[in-house]
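Geometric and topological summary
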Amino acid sequence: MRNFDDIIIGFGKGGKTIAAALADKGRRVAMIEKSDRMYGGTCINIACIPTKTLAHEAKLLSGREERDFAQKAADYACAVARKDEVTGFLRQKNLEMLTGKGVAVLTGQASFVSPHEVEVRFADGHAERLAGENIYINTGAYSVIPPIEGLAESANIHTSASLLDLKRLPRELVILGAGYIALEMASMYAEFGSRVTMLEYGRRFLPREDEDVAQSVRAALEARGVRIYLGVSAQAVRDVNEDGTTRTELRCLMSMPGGAEEERIFRADAVLLATGRRPLTRELNLEAAGVRLDEQGAIAVDGQLCTSQPHIRALGDVKGGLQFTYISLDDFRIVRDALWGEGKRDIANRGPVAYAVFMDPPLARVGLSEEEARALGRKIKVARLPAAAIPRARLLGETSGMLKAVTDAANGEILGCALHCADAGEMINTVTAAMRAGRDAAFLRDMIYTHPSMTEALNELFGQIS
Ligand SMILES: Cc1cc2nc3c(=O)[nH]c(=O)nc-3n(C[C@H](O)[C@H](O)[C@H](O)COP(=O)(O)OP(=O)(O)OC[C@H]3O[C@@H](n4cnc5c(N)ncnc54)[C@H](O)[C@@H]3O)c2cc1C
Ligand SMILES: NC(=O)c1ccc[n+]([C@@H]2O[C@H](COP(=O)([O-])OP(=O)(O)OC[C@H]3O[C@@H](n4cnc5c(N)ncnc54)[C@H](O)[C@@H]3O)[C@@H](O)[C@H]2O)c1
């Protein structure tokens, strides 16, 4: 059995960053990653980077002259090849980053044998045990597969990971779900040339957003031909052979006004399950380590990410809560502060955390929505601006969307901001920085922004309410 100071399970954002930092301190570190296709973790291999690479390619292609489906499919295959190039490069860089620091990278599946011992099972079937003084769990999340009859037998069912590897552009893509993954995939595949249908179980589109923002997003998708159905429950799928092509039929129950339900069949060349992701703990044999889960099945942690075993910490998606790469990175900062800093960082003091959905145009938000602020009983001022009013949006020809700000009516405190416009994913960071620094609406109103930029729209947006 090999002994290490620190064992990291899972090559995710938080895990690889803490592995590198520990190695820099001269500690003996082992990184266990179950797949040689996953060095660098979910983000660079099967999530953020490949989706945004494809989304970028899709946008470039959508600006081209009219093409027939065969040409669009050929362009899509080239985009997938470019995506593979980008992820392959980053995967190798990530591996070299750790091995270059002397971290022992073991490619096998890890599970606990005892609180300080981990077994690694390699692809060829042999196993090795490692002992570690401290252990960091960073195993991420898995895609939820809803219990729908016939899913396992169908040839056309995908999670986000397998869809990104599909070399053939689907003519008809049906997406179950209308969350983050669904929005990005719907927007991107519609731009590539697929006919996209979203089937969402819930009855409200984007229930966490204000109605006007959700409507703006819906209108942008529908303008690309995306069909959106709410209150849909998929019952069964089956494959049918049509002209030598295997297509999939989804039998669904649709909620009708008045409470009735109607059956409807949707046909697809590919079906994406975008129905949520849950913490991946089931392969870890956590009972052997005495590590407890919370009610949601995530690893239970305290504010500094210690599990029920103080020498074992959990970072990223596996500990529940927000599932973003930058949260996993912030988890690393919390651990760094606990190990070598002042011990003041905590999951409760991250400050405002924004998100961006990289559809076209992107949607980004930080802080409270108008509905949330009102539900809290806050006296608020609300400002709205159509994206079409922004000179840069005009010159880009990207005039769909809207901007919205929510502030405290008495003191101008910025409570929240939702942006659905070109560059929203960049602009939101400016608003987040102002909120984090405790600056008010007048600060963003009077800030000198570059021109012509999308961000300068914050002058006008916050000018309406301060
Ligand atoms: C399609 C998609 C798009 C997304 N887009 C964005 C985005 O634009 N921006 C954003 O911030 N977030 C995005 N996310 C979320 C983001 O990818 C995750 O929140 C983030 O990658 C989680 O990182 P992590 O550190 O928890 O671990 P991960 O990066 O998930 O790493 C976990 C690693 O552990 C390995 N592993 C698991 N079990 C074991 C085991 N038993 N033994 C050994 N190894 C194991 C896995 O193979 C994996 O490599 C997206 C997610 C998806 C699915
Ligand atoms: N840009 C980003 O930051 C980004 C992009 C993609 C994903 N992510 C992360 O990945 C996580 C997972 O994304 P997601 O979109 O899978 O989850 P999600 O939780 O955002 O959305 C899942 C949706 O599927 C619906 N649903 C569940 N079961 C269903 C069923 N059987 N039929 C139809 N609809 C059903 C839910 O009502 C919900 O609207 C997100 O929470 C997010 O943190 C982030």
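Every value quoted in this text rests on a predicted model; they were computed, and no experiment measured them. (Residues numbered from 1 in each chain as written. Chains lettered and ligands numbered in written order. Predicted model: local features only at pLDDT ≥ 70, side-chain atom pairs only at ≥ 80, totals over all residues. Heavy atoms only, no water.)

Once that is clear, we can look at the site of ligand 1. Around ligand 1, the surrounding shell holds 36 residues, and the nearest of these are Glu33, Thr42, Lys52, Asp317 and Ser328. Between ligand 1 and the protein, one listed contact pairs a nitrogen atom with a backbone N or O atom of Lys34 at 3.1 Å. In the model, an oxygen atom of ligand 1 is placed 3.2 Å from a nitrogen or oxygen of the Phe324 main chain. Protein coverage of the free-state accessible area of ligand 1, which is 1000 Å², stands at 94%. A breakdown of the residues in the shell around ligand 1 according to their chemical character gives 13 nonpolar, 16 polar and seven charged. (Near = heavy atom within 4 Å. Polar contact = N/O pair within 3.5 Å; in protein donor to acceptor, adjacent residues only side chain to side chain. Areas by Shrake-Rupley, 256 points an atom, 1.4 Å probe, with all protein chains shown as cover. Nonpolar A, V, L, I, M, F, W, Y, C, P; charged D, E, K, R; others polar.)

The next thing to look at is the site of ligand 2. As a structural note, the neighbourhood of ligand 2 is formed by 21 residues, with Ile181, Glu184, Glu200, Gln323 and Ala356 the closest of them. Glu200 has a polar side-chain atom sitting 2.6 Å from an oxygen atom of ligand 2. Within the backbone of Ala274, an N or O atom sits 3.4 Å from an oxygen atom of ligand 2. Isolated, ligand 2 exposes 850 Å² of accessible area, and the fraction of that covered by the protein chains is 77%. Looking at the shell around ligand 2, the element that brings in the most residues is helix 6 (residues 180-192), giving three residues. Partitioning the shell around ligand 2 into residue classes produces eleven nonpolar, five polar and five charged. (Helix = DSSP H or I, 4+ residues; strand = E, 2+ residues; numbered from the N terminus.)

Turning next to the sheet that holds strand 10 (residues 227-229). Pairing is parallel across the open sheet formed by five strands, whose spatial order is 7-14-8-9-10. Across the chains shown, the open sheet's two edge strands, defined by having one partner strand only, are strand 7 (157-158) and strand 10. With five bridges connecting them, strand 8 (residues 172-176) and strand 9 (residues 195-199) associate as parallel partners. Within strand 9, the residue paired with Ile175 across the bridge is Met198. The strands touched by helix 6 are strand 8, strand 9 and strand 14 (270-273); relative to strand 9, the strand with the most contacts, the crossing angle is about 165 degrees. (Pairing = 2+ DSSP bridges. Contact = heavy atoms within 4.5 Å. Axes fitted to C-alpha atoms, helices over the stretch in contact; angles between N-to-C directions.)

All right, on to the environment of Leu272 then. If you trace the backbone, Leu272 turns up in strand 14. When the C-alpha atoms of Leu272 and Ala338 are compared, they prove to be 40 Å apart, with 66 residues separating the residues in sequence.

Relative orientation of the contacting elements helix 1 (residues 13-24) and helix 9 (residues 325-340) amounts to 30 degrees, with a least axis distance of 7 Å. For the pair helix 1 and helix 9, the sense of crossing is right-handed. Packed against helix 1, whose contacting residues are Lys13, Gly14, Thr17, Ile18, Ala21 and Leu22, the element helix 9 presents Thr325, Ser328, Leu329, Phe332, Val335, Leu339 and Trp340 at the interface. Counted by class, the contact of helix 1 with helix 9 contains eight nonpolar, four polar and one charged residues. (Left-handed = near helix turned anticlockwise from the far one by under 90°.)

Per the UniProt record, "domain: FAD/NAD(P)-binding" (unreviewed entry) is annotated on residues 7-326. Structurally, residues 7-326 comprises 31% helix and 29% strand, and the distance from its first C-alpha atom to its last is 22 Å. (UniProt positions renumbered as here; feature names shortened; annotations may be inferred.)

Here the focus is the nonpolar core. In terms of nonpolar packing, the biggest core is built from 44 residues, with Ile175, Leu183, Tyr189, Phe192, Met198, Phe205 and Leu221 touching the most fellow members. Counting residues per element, the ones that place at least two in this core are helix 3 (48-62), helix 4 (69-99), strand 8, helix 6, strand 9, helix 7 (211-223), strand 14 and strand 17 (355-357). Among the elements that take part in this core, helix 6 stands out by supplying eight residues, more than any other. For Leu183, the residues in contact, after removing those within four places along its chain, are Ala178, Met198, Phe205, Leu206, Val217, Leu221, Val357 and Met359. (Core = buried A, V, L, I, M, F, W, Y, C linked by side-chain atoms within 4.5 Å. Buried < 20%, exposed > 50% of the residue type's maximum accessible area, 1.4 Å probe, protein only.)

This next bit is on unusual backbone geometry. Along the chain, Asp360 connects to Pro361 via a cis peptide bond; the corresponding omega equals -5 degrees. Following the sequence through the fold, Pro361 ends up in the loop between strand 17 and strand 18 (363-367). His451 connects to Pro452 through a cis peptide bond whose omega is -5 degrees. With phi around 50 degrees, Leu206 is a residue other than glycine that occupies positive phi space. Mapped onto the elements of the fold, Leu206 is located in the loop between strand 9 and helix 7. Despite not being glycine, Leu305 has its phi angle at roughly 75 degrees, a positive value. Structurally, Leu305 can be placed in the loop between helix 8 (286-289) and strand 16 (312-314).

Glancing now at the domain arrangement of the protein. Here the protein is described as being made up of domain 1 (2-142 + 277-349), domain 2 (157-273) and domain 3 (355-463). For domain 1 and domain 3, the distance between their C-alpha centres works out to 32 Å. With five residues of domain 1 at the contact, the number on the domain 3 side is five residues. For the pair domain 1 and domain 3, the two sides together bury roughly 370 Å², of which 55% comes from carbon and sulfur. On inspection of domain 1 and its partner domain 3, the count reaches two salt bridges. Viewed at the interface, domain 3 and domain 1 are joined by two residue pairs in polar contact (both at pLDDT 80 or more). In terms of residues, the side of domain 1 that touches domain 3 owes the most to one element, helix 3, which gives three residues. Of the residues in the side of domain 1 that touches domain 3, the class split is three nonpolar, no polar and two charged. (Domains from an automatic or database assignment. Buried area = accessible area lost by both parts, 1.4 Å probe. Salt bridge = Lys/Arg side-chain N within 4 Å of Asp/Glu carboxyl O.)

Next up on the list: the environment of Gln71. Topologically, Gln71 is positioned in helix 4. Remark: the alpha-carbon pair of Gln71 and Gly26, spanning 45 residues in sequence, is separated by 54 Å.

Time to look at the sheet that holds strand 12 (residues 245-255). Strand order in the open sheet formed by three strands is 11-12-13, with antiparallel pairing between adjacent strands. Because the sheet does not close on itself, it has two edges, and the strands there are strand 11 (232-242) and strand 13 (261-268). The sheet shows a mean angle of 20 degrees between the axes of neighbouring strands, direction not considered. Alignment of strand 11 against strand 12, held across ten bridges, turns out to be antiparallel. Across the sheet, Val232 pairs through a bridge with Met254, a residue of strand 12.

Residues annotated by UniProt as "active site" (unreviewed entry) correspond here to His451. Here His451 shows up in the loop between helix 13 (441-446) and helix 14 (457-463). Given a relative accessible area of 59%, His451 falls into the exposed group. A polar contact is formed between the side chain of His451 and the side chain of Glu456, at a distance of 2.8 Å.

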